[in-house]
Amino acid sequence: MIYTTAIFYFFSAILVLAGLRVITARNPVHAALFLVLAFFTAAGLWMMLEAEFLAITLVLVYVGAVMVLFLFVVMMLDINLDKLREGFWNYAPLAGFISVLLVIEMALILGSRHFGLDVMGAPVPHPADYSNTKELGRLLYTDYVYAFELAAVILLVAIVAAIALTLRRRKDSKYIDPAEQVKVKRNDRLRIVKMSAVKREVSGVRGEEKNP
Amino acid sequence: METGLMESAGMDWAAIQTVVWTLVKIMALVVPLMLGVAYLTYAERKVIGWMQVRIGPNRVGFQGLLQPIADAVKLLMKEIIIPAGANRGLFILGPILAIAPALAAWAVIPFTDTLVVANINAGLLYVMAITSMGVYGVIIAGWASNSKYAFLGAMRSAAQIVSYEIAMGFALVGVLMAAQSLNLIDIVQGQAGGLHQWYIWPLFPLFVVYLIAGVAETNRAPFDVAEGESEIVAGFHVEYSGMAFAVFFLAEYANMILIAALTTLMFLGGWLSPVGFLPDGIIWWLAKTGFVLFLFLWFRATFPRYRYDQIMRLGWKVFIPITIVWIVVVGGMMQTPYGYLFH
């Protein structure tokens, strides 16, 4: 088991370090990138727990989509860290209280009585043809179908609300209807005129030319 | 999934053996892939040359066959310049993050029903997850260069890749509905029985969307606004020189081959022979992938560059609705007696 244990500690060390750097890095872009690293290593740990579908989905959704948009915003903003840190000591007592509360809550849950190795043993290894994805899908659409559909509806409402909040019709936007553009034929824009060639008079004055 | 790794974990010696054997397999995959990339650039220049009634490279070696080697040597010898205002660490990390996913995705690509580095159950999902990380290389390179052109290119590219990934993902959902599996080998074997069994026919709209989204995803012409020579010089890699630039180039072409291979596997029957009397084999895989790659080059020689807002419109307002409608059609048809047409 040394092999898997070594992999586990390797991933865990990276995860903890990356998590620490997310909150200590001075540059917000660096912090966002460390968060990406944290997600990726967490996916590695989930993979070791035989939660392959969830692990790959974590990478697909959080690393591949959410964090890209996050980075997008962070890169565009000009964040002045000194200004952000101005009120640090004013907020420190409240923040300290909340963090202590969080630590106590976590300790209660993660205490060895509820979360130890004897309660949460290593996952039973499944045969190669066991499909994690299929099992998860079956559970989601049978036992947990109401909760699942509710979550989907809430997400849909959130999408519609987000679009509705940001939608504004600008009067000065030069909107082009692509269908109109595609429909345009040559004759709508171009007129071909047939003209007979006229010989230029050599001795004539420039202004008298018939065909400019 | 990961059976090789998990089963052998009990014994360390077996684990070491697995690692070494996997490394050998990776080398056997990466070396031909890199050669393929090198000669794809040659093929591109030759094919576009012929389409434009030119000769293309013909000086180095017979018919210019050594041209890619000469290019690689030239790029290796060049100096890598790191701009003074650049973010050093991330500037170097950019190309690495571009090429790593482009190569890692190849781990699950089967060449025949036995020739594959890792035959995992959720192969399709893995490919989607890994390729979605390729955008980081572009974004980081653009930001770390500390140059406006590079940054604009990175922003365009990121927005484009994120938009087209959705349409691409939906196209893949159609495939997995038809194949009822995420395993790439199973997907190909679901198309056994000849030309008319390939998923290109029942999933034709999805095939078209996937192919075009694939071109957009790899930032190839006509969707190459991220590079847009006429407006933002070369986009995200404008500050890169020498081998750092070449790595971006390798990643782009490795991604092209990957998209072509995936199109082959999911819609064109992979290594399966189109007719019954000819045997299946890797030769069909190569021929079909080569044909899709030829389409990539053909597009580049044919179409002018899309305008940026039109790219976004095509992705969000055309492709995503098409894929959603066709997924509903496939799902609905499967409930009818004609469901066999969609399997």
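The rules behind each value
Residues numbered from 1 in each chain as written. Chains lettered and ligands numbered in written order. Predicted model: local features only at pLDDT ≥ 70, side-chain atom pairs only at ≥ 80, totals over all residues. Heavy atoms only, no water. Helix = DSSP H or I, 4+ residues; strand = E, 2+ residues; numbered from the N terminus. Rg over C-alpha atoms; globule rule 2.2 N^0.38 Å. Buried < 20%, exposed > 50% of the residue type's maximum accessible area, 1.4 Å probe, protein only. Contact = heavy atoms within 4.5 Å. Areas by Shrake-Rupley, 256 points an atom, 1.4 Å probe, with all protein chains shown as cover. Lys, Arg positive; Asp, Glu negative; His and termini not counted. Charge placed at Lys NZ, Arg CZ, Asp CG, Glu CD. Patch = residues over 30% accessible without salt bridge, like charges linked within 9 Å, V, L, I, M, F, W, Y side chains within 5 Å. Salt bridge = Lys/Arg side-chain N within 4 Å of Asp/Glu carboxyl O. Phe/Tyr/Trp six-rings, centres within 6.5 Å; stacked < 30°, edge-to-face > 60°. Expected span 1.5 Å × (residues − 1). pLDDT = per-residue confidence, 0-100. Buried area = accessible area lost by both parts, 1.4 Å probe. Polar contact = N/O pair within 3.5 Å; in protein donor to acceptor, adjacent residues only side chain to side chain. Axes fitted to C-alpha atoms, helices over the stretch in contact; angles between N-to-C directions. Parallel < 35°, antiparallel > 145°, perpendicular 65-115°, else oblique. Left-handed = near helix turned anticlockwise from the far one by under 90°. Core = buried A, V, L, I, M, F, W, Y, C linked by side-chain atoms within 4.5 Å.

**Let's talk about the overall build of chain A**
Moving on, step 1. Assigned secondary structure in chain A consists of 10 helices and 0 strands.
Moving on, step 2. Along chain A, helices and strands appear, N-terminal first, in the series α-α-α-α-α-α-α-α-α-α.
Moving on, step 3. For chain A, the C-alpha radius of gyration of 32 Å lies well beyond 17 Å, the compact-globule estimate for 212 residues.
Moving on, step 4. For the C-alpha atoms alone, the extent of chain A along its principal axes is close to 110 × 55 × 40 Å.
Moving on, step 5. Within chain A, the fraction of its 212 residues that count as buried is 18%.
Moving on, step 6. Taking the intrachain contacts of chain A between residues at least 6 apart in sequence as the baseline, contacts between residues at least 24 apart amount to 57%.
Moving on, step 7. Surface accessibility of chain A: about 17,500 Å² in total, with carbon and sulfur atoms responsible for 68%.
Moving on, step 8. Averaging the positions of the 22 positive and the 18 negative side-chain charges in chain A gives two centres separated by 16 Å.

**Re a nonpolar patch on the surface**
Residues and elements named next belong to chain A.
Moving on, step 1. Taken together, the side chains of Val100, Ile104, Met106, Leu108, Ile109, Leu110 and Phe115 present a nonpolar region at the surface, about 710 Å² in accessible area.
Moving on, step 2. Tracing the backbone shows Val100 in helix 5 (residues 88-110).
Moving on, step 3. For Val100, a relative accessible area of 47% gives the class partly exposed.

**Looking at the environment of B:Leu295**
Moving on, step 1. Structurally, B:Leu295 is set in helix 12 (residues 282-302).
Moving on, step 2. Separated by 35 residues in the primary sequence, B:Leu295 and B:Ala260 place their C-alpha atoms 9.3 Å from one another.

**With respect to the packing of aromatic side chains**
Moving on, step 1. Per the stated rule, a full pass over the model turns up 19 aromatic pairs over all chains.
Moving on, step 2. For the pair A:Tyr141 and A:Phe148, a centre-to-centre distance of 5.1 Å together with 70 degrees between the ring planes defines the contact as edge-to-face.
Moving on, step 3. When its relative accessible area of 27% is taken as the criterion, A:Phe148 is described as partly exposed.
Moving on, step 4. With a centroid separation of 5.2 Å and 10 degrees between ring planes, the pair formed by B:Phe223 and B:Tyr306 is classed as stacked. On the criterion of sequence distance, the pair formed by B:Phe223 in the loop between helix 9 (204-217) and helix 10 (229-232) and B:Tyr306 in the loop between helix 12 and helix 13 (308-334) is long-range, its members being 83 residues apart.
Moving on, step 5. One aromatic cluster is present, built from ring pairs that chain together B:Tyr164, B:Phe223, B:Tyr306 and B:Phe319.

**Focus: helix 1 (residues 2-24) of chain A**
All names here are of chain A.
Moving on, step 1. Given a rise of 1.5 Å per residue, 23 residues ought to cover 33 Å, and the 33 Å separating the end C-alpha atoms of helix 1 matches this to within 8%.
Moving on, step 2. Taken as a whole, helix 1 has its buried residues at Thr4, Ser12 and Ala18.
Moving on, step 3. Tucked into the core, helix 1 has its buried residues touching helix 2 (28-48).

**A few points about the confidence of the model for chain A**
Close inspection of predicted coordinates is inappropriate in any region flagged by low pLDDT.
Moving on, step 1. Averaged over all residues, the pLDDT of chain A is 83; the fraction at 70 or higher stands at 92%.
Moving on, step 2. Within chain A, no element has a lower average pLDDT than helix 6 (residues 112-115) of chain A, which sits at 70, and none a higher one than helix 8 (residues 145-166) of chain A, at 93.

**Comments concerning the interface of chain A and chain B**
Many descriptions give the size of an interface as the accessible area lost when the pieces come together.
Moving on, step 1. Counting residues at the interface gives 35 residues for chain A and 35 residues for chain B.
Moving on, step 2. Carbon and sulfur atoms make up 74% of the area that chain A and chain B hide from each other, which totals about 3,000 Å².
Moving on, step 3. Of all residues in chain A, A:Tyr3, A:Ile56 and A:Met75 bury the most surface against chain B, accounting for 22% of the area lost on that side.
Moving on, step 4. Linking chain A with chain B are 0 salt bridges, by the criterion used here.
Moving on, step 5. Counting across the chain A and chain B interface gives 3 residue pairs in polar contact (both at pLDDT 80 or more).
Moving on, step 6. Contributing elements (two or more residues each) for the side of chain A that touches chain B: helix 1, helix 2, helix 3 (52-76) and helix 9 (178-183) of chain A.
Moving on, step 7. Among the elements that make up the side of chain A that touches chain B, the one with the highest residue count is helix 3 of chain A (15 residues).

**Digging into the packing of helix 6 (residues 134-144) of chain B against helix 7 (residues 148-179) of chain B**
Residues and elements named next belong to chain B.
Moving on, step 1. Two elements in contact, helix 6 and helix 7, have axes whose closest approach is 7 Å; the angle formed by their N-to-C orientations is 160 degrees. What the angle tells us is that helix 6 and helix 7 run roughly antiparallel. The element helix 6 and its partner helix 7 pack so that their crossing is left-handed. Residues Val135, Val138, Ile139, Gly142 and Trp143 of helix 6 form the contact with helix 7, whose own contacting residues are Ala150, Phe151, Ala154, Ser157, Ala158 and Ile161.

**Here's the deal with unusual backbone geometry**
Working note: non-glycine residues mostly have negative phi, and peptide bonds are mostly trans.
Moving on, step 1. The phi dihedral of B:Val53 is positive, around 55 degrees, even though this residue is not glycine.
Moving on, step 2. You can see B:Val53 is positioned in the loop between helix 2 (12-51) and helix 3 (67-77).

**Here we look at the nonpolar core**
Moving on, step 1. Formed by 123 residues in total, the largest nonpolar core has its most connected members in B:Trp106, B:Ile109, B:Tyr136, B:Leu184, B:Tyr210, B:Met266 and B:Phe267.
Moving on, step 2. The greatest single-element share of this core, amounting to 16 residues, is contributed by helix 11 (residues 242-267) of chain B.

**So, the pattern of salt bridges**
Residues and elements named next belong to chain B.
Moving on, step 1. Scanning the model with the defined rule gives 8 salt bridges over all chains in all.
Moving on, step 2. The partner of Glu44 in a salt bridge is Arg220, with the nearest N and O atoms 2.6 Å apart. Taken together, the residues Glu44 in helix 2 and Arg220 in the loop between helix 9 and helix 10 connect sequence positions 176 residues apart. Side by side, Glu44 and Arg220 carry an identical accessibility label, which is buried.
Moving on, step 3. In this structure, Glu44 engages Arg300 in a salt bridge whose closest nitrogen and oxygen atoms are separated by 2.7 Å. Note that Glu44 is positioned in helix 2 and Arg300 in helix 12, a separation of 256 residues in sequence.

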